[in-house]
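# Survey of secondary and tertiary structure
Spelled out from the first residue to the last, the chains are:
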Amino acid sequence: MINGIVPAIVGIVIAGAGIALLFKSRATSHWRLAAGTVVEVAIETRSGDIGSSPNTVLYSPKLHYKYVFNGVIHRGSRILGEKVSSRASAAASGRQYIAGQSIDVFVDERRPHRHALERGMKHQYWLLVVIGVFWIGLALQL
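This text gives an overview of the structure that appears in the document. Quantities reported herein were computed from a predicted structural model and do not represent experimental measurements. (Residues numbered from 1 in each chain as written. Predicted model: local features only at pLDDT ≥ 70, side-chain atom pairs only at ≥ 80, totals over all residues. Heavy atoms only, no water.)

With that out of the way, let us pick up the overall build of the protein. Looking only at helices and strands, the protein has three helices and five strands in total. Along the protein, from the amino end to the carboxyl end, the secondary structure elements read α-β-β-β-α-β-β-α. A compact globule built from 142 residues would reach a C-alpha radius of gyration of about 14 Å, whereas the protein, at 19 Å, exceeds it by more than 25%. Principal axes of the C-alpha set define a box for the protein whose edges measure 60 × 40 × 20 Å. Buried positions account for 27% of the 142 residues belonging to the protein. Entry remark: accessible area of the protein is about 9,300 Å², with carbon and sulfur atoms responsible for 60%. Taking the average place of the 16 positive charges on the side chains of the protein and the average place of its 8 negative ones, the gap between the two points comes to 3 Å. (Helix = DSSP H or I, 4+ residues; strand = E, 2+ residues; numbered from the N terminus. Rg over C-alpha atoms; globule rule 2.2 N^0.38 Å. Buried < 20%, exposed > 50% of the residue type's maximum accessible area, 1.4 Å probe, protein only. Areas by Shrake-Rupley, 256 points an atom, 1.4 Å probe, with all protein chains shown as cover. Lys, Arg positive; Asp, Glu negative; His and termini not counted. Charge placed at Lys NZ, Arg CZ, Asp CG, Glu CD.)

The structure is reproduced here in structure tokens:
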């Protein structure tokens, strides 16, 4: 039974994260639409991430934008895509946005600092729940 504790904990954490993300993404379905504007797309540079050597440099495009909700200007930012080892690849994945471009921002009316660029449930989070349940099932077999 003691051998199953680690897989059970792993399964609970993964499934719990999946469930939390499902609820959060579902909540955005009811958020209000606000007009947003792209401020810039910058390339964020990071080195020595966990699991990589200290000399490894990774790049990711970061979208900076502002939006107006109830007459108040708010600012936000989001990482676009994955971290990659090529600055050119990171720049390419951020090309869909240009400074000054209008974008839709979905805003939580009760907490306008909470916002999303996409609205609705993201079904890929179910995969986390399934993987978590698999680990819990594995723990029960040990």
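Another aspect to go through is the nonpolar core. In this structure, Ala 34, Val 38, Leu 63, Tyr 65, Tyr 67, Phe 69, Leu 80, Tyr 97, Ile 103, Val 105 and Val 107 together form the largest nonpolar core, which totals 11 residues. Residue assignment for this core shows that the elements contributing at least two residues are strand S1 (32–47), strand S2 (57–69) and strand S4 (102–107). Considering every element that reaches this core, the biggest residue donor is S2, with four residues. Not counting chain neighbours up to four residues away, the residues in contact with Leu 80 comprise Pro 61, Leu 63, Ser 93, Gly 94 and Tyr 97. (Core = buried A, V, L, I, M, F, W, Y, C linked by side-chain atoms within 4.5 Å. Contact = heavy atoms within 4.5 Å.)

Before going further, it helps to spend a moment on the pairing of S4. Here S1 pairs with S4 via six bridges, running antiparallel. Looking across to S4, one finds that Ala 34 is bridged to Val 105. As paired strands, S4 and strand S5 (residues 115–116) are joined by two bridges and run antiparallel to one another. For Phe 106, the partnering residue across the bridge sits in S5 and is Ala 116. (Pairing = 2+ DSSP bridges.)

So far we have only geometry, and geometry alone does not tell us how the molecule works.
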